[in-house]
4 protein chains.
Amino acid sequence: MFQLDLKSKKSIYEQIVDGIKAMIISGEYSADEKLPSVRDLSAQLTVNPNTIQKAFKALEQQGWIYTVTGRGCFVSESAKTIDRAQTAHLFDNIANSVKELLYLGLSIEEIQKIVDDMIMKGGN
Amino acid sequence: MFQLDLKSKKSIYEQIVDGIKAMIISGEYSADEKLPSVRDLSAQLTVNPNTIQKAFKALEQQGWIYTVTGRGCFVSESAKTIDRAQTAHLFDNIANSVKELLYLGLSIEEIQKIVDDMIMKGGN
Amino acid sequence: MFQLDLKSKKSIYEQIVDGIKAMIISGEYSADEKLPSVRDLSAQLTVNPNTIQKAFKALEQQGWIYTVTGRGCFVSESAKTIDRAQTAHLFDNIANSVKELLYLGLSIEEIQKIVDDMIMKGGN
Amino acid sequence: MFQLDLKSKKSIYEQIVDGIKAMIISGEYSADEKLPSVRDLSAQLTVNPNTIQKAFKALEQQGWIYTVTGRGCFVSESAKTIDRAQTAHLFDNIANSVKELLYLGLSIEEIQKIVDDMIMKGGN
DNA sequence: GTGGTCTAGACCACA
DNA sequence: GTGGTCTAGACCACT
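Parameters and conventions
- Residues numbered from 1 in each chain as written.
- Chains lettered and ligands numbered in written order.
- Predicted model: local features only at pLDDT ≥ 70, side-chain atom pairs only at ≥ 80, totals over all residues.
- Helix = DSSP H or I, 4+ residues; strand = E, 2+ residues; numbered from the N terminus.
- Contact = placed C-beta atoms within 7 Å.
- Expected span 1.5 Å × (residues − 1).
- Buried ≥ 20, exposed ≤ 12 C-beta atoms within 10 Å, placed from the backbone.
- Arc of directions from axis to C-beta.
- Near = placed C-beta within 6 Å.
- Nonpolar A, V, L, I, M, F, W, Y, C, P; charged D, E, K, R; others polar.
- Least-squares fit on C-alpha atoms with pLDDT ≥ 70 in both.
- Axes fitted to C-alpha atoms, helices over the stretch in contact; angles between N-to-C directions.
- Left-handed = near helix turned anticlockwise from the far one by under 90°.
- Domains from an automatic or database assignment.
- Parallel < 35°, antiparallel > 145°, perpendicular 65-115°, else oblique.
- Pairing = 2+ DSSP bridges.

(A) Quick look at the overall build of chain A. For chain A, the count of helices and strands is 5 helices and 2 strands. The order of α-helices and β-strands along chain A, N terminus first, is α-α-α-β-β-α-α. Looking at chain A alone, contacts between residues at least 24 apart form 49% of all its contacts between residues at least 6 apart.

This is the structure:
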């Protein structure tokens, strides 16, 4: 399981959202696998159940998980249809980071080398 | 000058910070050039002066501008010493976006092509 | 038989209620015909018998079916006496949907055309 | 302002969502008009602020209002582009109600007459 | 003043 | 047992 950083600028529920997303992406959770219950996660992370709820709701709205009342929350299958808005947003993120890196003095070649390596290794 | 989006999820002052950063990066403001006064910007963007003040303070803390009391705010020279923590954080951002893009079904080749193009054009 | 959608926002028992209603309305079940037993349905839909029980109870309360202890559940005859409260509620639903459609930019003609077609075909 | 029905099957926040939607549709609130603050509504309806928040969030996600932190919530302009998924859902609602009305013994002619009248009068 | 987040603890319907 | 909703009351960042 992931670690929370209470000092972070990110809100707790957002950290949980990102943490679970990361676990789904990395394959630690597979499609249709059950996530821990709200109460369990709440106890594990020593965070209020409402906060976990909020995170789960957000994940559901973004299509990462689905909820079966009375049973629990489960990982959605990866969407086959690529959501253009979503990918555009991610490429935007990358573009902004690249701009800042350039401004911070890194050369195009340096950035390109590091990023290419990163992509080849699947983002690691 | 840049546009504010009141409906955006980003707070106003954050939009101003990003907007000014973008103008510095793009070269619309050069090193040691004077930025508009708080009052002017406030009038131009029809935003509370406190909000502008806050944005300037943030930019100063991040090293993008410096303040000369009684004269105004000026653009800093691009830092020669590369801040490792900052660049690491930016590369992290990129890595996360790449991971998510892969998970969303894009191929390594597609991502690499788009990102390479982006870097060659300086992040645009 | 109908399909259950575990991911749906509707609860399981509500889906069963609606499913059986639909089959009665469409004529797949006729008046005084026997419905499958709780145990059979439970096995067919792989759903807890309690949930089936609950659905049958709800259908009985709403007057769609009647129970003969020891024999099973049977489809009621269509009520001859029209329940004003119920019809008023249904017309209310329609009115609200129409209002929202108008607000969303559809023209009166478009709505009227689609709805008329729908009614002529018996709601399909 | 609208009335809450604590005995209703609908949850409170859902009633608030529907109530505000209705007021927007009816024109009681116009585009870019400010809604009451979370605290004010909370006091008016004697409902916990969190519940109001939840309702506002839902309205925002559905595109009915937008939020400006520190200023308040405002009514969105009616979308020019018609959302097919949304309209389909509304027509579905209507279809289901029509089916039930037919089953309850109303004739096609009766339903058609009432619904046509309703549409001509803009849903009233 | 505004909305945004969080905690603590409770009750409900559903499976 | 599960998630869904609600209350009460608190603190925060932003305008």
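(B) Local environment of helix 3 (residues 49–61) of chain A. Residues and elements named next belong to chain A. For helix 3, spanning 13 residues, the distance from its first C-alpha to its last is 18 Å, which sits close to the expected 18 Å at 1.5 Å a residue. Of all the positions in helix 3, only Ile52, Ala55, Phe56 and Leu59 are classed as buried. For helix 3, the buried positions fall inside an angular range of 95 degrees around the axis, keeping them on one side. Of the exposed residues in helix 3, those oriented more than 90 degrees away from the buried face are Asn50 and Gln61. In this structure, the buried residues of helix 3 make contact with helix 1 (12–26), helix 2 (38–45), strand 1 (65–68) and strand 2 (72–75). The positive-phi residue at the C-terminal boundary of helix 3 is Gly63, with phi of around 85 degrees.

(C) Expanded view of the protein's contact with DNA strand E. Taken together, the neighbourhood of DNA strand E is formed by 28 residues, with Ile12, Asn48 and Gly70 of chain A, Ile12 of chain C together with Ser37 of chain D sitting nearest. Listing elements by their share of the surface near DNA strand E, those giving two or more residues are helix 1 and helix 3 of chain A, helix 1 (12–26) and helix 3 (49–61) of chain C together with helix 2 (38–45), helix 3 (49–61) and strand 2 (72–75) of chain D. Its residues assigned to classes, the surface near DNA strand E comprises 7 nonpolar, 17 polar and 4 charged.

(D) Molecular detail of the protein's contact with DNA strand F. In the vicinity of DNA strand F there are 27 residues, among which Ser37 of chain A, Ile12 of chain B together with Ile12, Asn48 and Gly70 of chain D approach most closely. Elements with a minimum of two residues in the surface near DNA strand F: helix 2, helix 3 and strand 2 of chain A, helix 1 (12–26) and helix 3 (49–61) of chain B together with helix 1 (12–26) and helix 3 of chain D. Looking at which element gives the most residues to the surface near DNA strand F, the answer is helix 2 of chain A, with 3 residues. Of the residues in the surface near DNA strand F, the class split is 7 nonpolar, 17 polar and 3 charged.

(E) The relation of the copies chain B and chain A, seen in detail. Mapping chain B onto chain A calls for a rotation angle of 178 degrees and an axial translation of 0.0 Å; the resulting RMSD is 0.5 Å. Here the transformation between the copies is reduced to the relation of a two-fold axis. Closest to the rotation axis within chain B is the C-alpha of Ile94 of chain B, separated from it by 2.8 Å. In this assembly, 94% of the residues forming the interface of chain B have copies in chain A that are likewise at the interface, indicating an isologous arrangement.

(F) Layout of the interface of chain B and chain A. On the side of chain A, 33 residues touch chain B, which itself brings 35 residues to the contact. Every element with two or more residues in the side of chain B that touches chain A is listed here: helix 4 (84–103) and helix 5 (108–120) of chain B. Looking at the side of chain B that touches chain A element by element, the count peaks at 14 residues for helix 4 of chain B.

(G) Summary view of the packing of helix 4 (residues 84–103) of chain A against helix 5 of chain B. Remark: helix 4 of chain A packs on helix 5 of chain B, axes separated minimally by 10 Å, with the N-to-C direction vectors making an angle of 35 degrees. Two packed elements cross with a definite hand, and for helix 4 of chain A against helix 5 of chain B that hand is right-handed. Within the contact between the two elements, helix 4 of chain A uses Phe91, Ile94, Ala95 and Val98 of chain A and helix 5 of chain B uses Ile114, Val115, Met118 and Ile119 of chain B. Its residues placed into classes, the contact of helix 4 of chain A with helix 5 of chain B shows 8 nonpolar, no polar and no charged.

(H) Representation of the environment of Gly72 of chain D. Residue and element names in this part refer to chain D. You can see Gly72 is positioned in strand 2. With 35 residues separating them in the primary sequence, Gly72 and Ser37 have C-alpha atoms 6.1 Å apart. Gly72 has contacts with Lys34, Leu35 and Ser37, leaving out every residue within four places of it along the chain.

(I) Just the domain arrangement of chain A, in detail. Partitioning chain A into structural domains gives domain 1 (12–75) and domain 2 (84–120). Relative placement of domain 1 of chain A and domain 2 of chain A: their C-alpha centres are 29 Å apart.

(J) The packing of helix 2 (residues 38–45) of chain C against helix 3 of chain C, seen in detail. All names here are of chain C. Across the interface, helix 2 lies against helix 3 with an axial gap of 9 Å and an inter-helix angle of 120 degrees. Relative to helix 3, the element helix 2 is oriented oblique. You can see that helix 2 and helix 3 cross each other, and the crossing is right-handed. Judged by residue contacts, Val38, Arg39, Leu41 and Ser42 of helix 2 engage Pro49, Ile52, Gln53 and Phe56 from helix 3. Of the residues belonging to the contact of helix 2 with helix 3, the class tally is 5 nonpolar, 2 polar and 1 charged.

(K) Quick peek at the environment of Asn93 of chain B. One can find Asn93 of chain B in helix 4. Residue classification places Asn93 of chain B among the partly exposed positions, given that 17 C-beta atoms sit within 10 Å. Taking the C-alpha atoms as reference, Asn93 of chain B lies 30 Å from Leu45 of chain B; in sequence the two are 48 residues apart. Setting aside its immediate chain neighbours within four residues, Asn93 of chain B contacts Asn93 and Ser97 of chain A.

(L) The arrangement of the pairing of strand 2 (residues 72–75) of chain C in detail. Here 4 bridges tie strand 1 (residues 65–68) of chain C to strand 2 of chain C, and the two strands are oriented antiparallel to one another. Residue pairing for strand 2 of chain C: Tyr66 of chain C is matched across the bridge by Phe74 of chain C.

(M) Local environment of unusual backbone geometry. Residues and elements named next belong to chain B. Here Asp32, not a glycine, exhibits a phi torsion of approximately 70 degrees, which is positive. Among the secondary structure elements, Asp32 is positioned in the loop between helix 1 and helix 2 (38–45). Given 10 C-beta atoms within a 10 Å radius, Asp32 is considered exposed.

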